[in-house]
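Coordinate inspection notes
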Amino acid sequence: MVKLLLATPDRKSLSELASALEEHYDVDLTWAESGANALDIISHTAVDLVIADEKLGDMTGLEFAERLVLVNPMVNCALVSPLSAKDFHDASEGLGLMAQLPIRPGEKQAEDMLQRLKKLKGLTAGANIGSA
């Protein structure tokens, strides 16, 4: 089971992405309405991936990513951002973000994210087995 957390004050902005993600039987989807709410959930619950909207009401997505690293640097994170790829890279460098998503991400992004996450989880599981 893949545990995902969608952080946004406006569920409509991530509704197409959420619908595509919910079609997968192995996805457990949780919503957070603010950055602080998402960070609180992450501090108490295992989450494989957080997808944060560009603006979370109480902070930006980039500010959320900075705080996430302090709460749990092992949680994968993707951010919705209208920035160019270069500007996004410059702004998010060092935060360990898994991906930049377009405004109103949809089915294609959901599929890409799940495949990327499953690959990362597989690599992590293999690394853990090899180091035991």
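Everything discussed here concerns the structure shown above.
The present account deals with the structure reproduced in this document. The shown structure was predicted, so the numbers you read here are calculated from the model rather than taken from an experiment. (Residues numbered from 1 in each chain as written. Predicted model: local features only at pLDDT ≥ 70, side-chain atom pairs only at ≥ 80, totals over all residues. Heavy atoms only, no water.)

A look at the sheet that holds strand β1 (residues 2-7)
On the basis of which strands lie adjacent, the open sheet formed by 5 strands has the order β2-β1-β3-β4-β5 and parallel pairing. Only two strands of the sheet have a single partner each, and these edge strands are β2 (27-32) and β5 (99-101). Going from strand to strand, the sheet's axes swing by 20° on average, the running direction of each strand aside. Note: strand β3 (residues 49-52) against strand β4 (residues 76-80), 4 bridges, orientation parallel. (Pairing = 2+ DSSP bridges. Helix = DSSP H or I, 4+ residues; strand = E, 2+ residues; numbered from the N terminus. Axes fitted to C-alpha atoms, helices over the stretch in contact; angles between N-to-C directions.)

A closer look at the packing of helix α2 (residues 35-44) against helix α3 (residues 61-71)
Running from N to C, α2 and α3 cross one another at 20°; their axes reach a closest spacing of 10 Å. Between α2 and α3, the angle is such that the two are roughly parallel. Crossing of α2 against α3: the hand is right-handed. Contacts between α2 and α3 involve Gly-35, Ala-38, Leu-39, Ile-42 and Ser-43 from the former and Phe-64, Arg-67, Leu-68 and Val-71 from the latter. (Parallel < 35°, antiparallel > 145°, perpendicular 65-115°, else oblique. Left-handed = near helix turned anticlockwise from the far one by under 90°. Contact = heavy atoms within 4.5 Å.)

Quick look at the nonpolar core
Within the largest apolar cluster, 22 residues are counted, with the highest numbers of intra-cluster contacts made by Leu-4, Leu-6, Leu-21, Leu-49, Ile-51 and Met-113. Counting residues per element, the ones that place at least two in this core are β1, α1 (15-22), β2, β3, β4, β5 and α5 (107-131). Of all hydrophobic cores here, the second largest spans 21 residues; its members include Ala-7, Ala-38, Phe-64 and Val-75. (Core = buried A, V, L, I, M, F, W, Y, C linked by side-chain atoms within 4.5 Å. Buried < 20%, exposed > 50% of the residue type's maximum accessible area, 1.4 Å probe, protein only.)

Details of the pairing of β4
Each regular strand carries side chains that alternate between the two faces of the sheet. Within β4, 4 of the 5 residues are buried, which leaves the element mostly enclosed by the surrounding structure. As judged from the 3 bridges shared by β4 and β5, these two strands associate in the parallel manner. When the sheet's bridge partners are listed, Leu-79 is paired in β5 with Gln-100. Remark: the β4/helix α4 (residues 85-92)/β5 crossover connection has right-handed handedness. (Right-handed = clockwise from strand over helix to strand, strands pointing away.)

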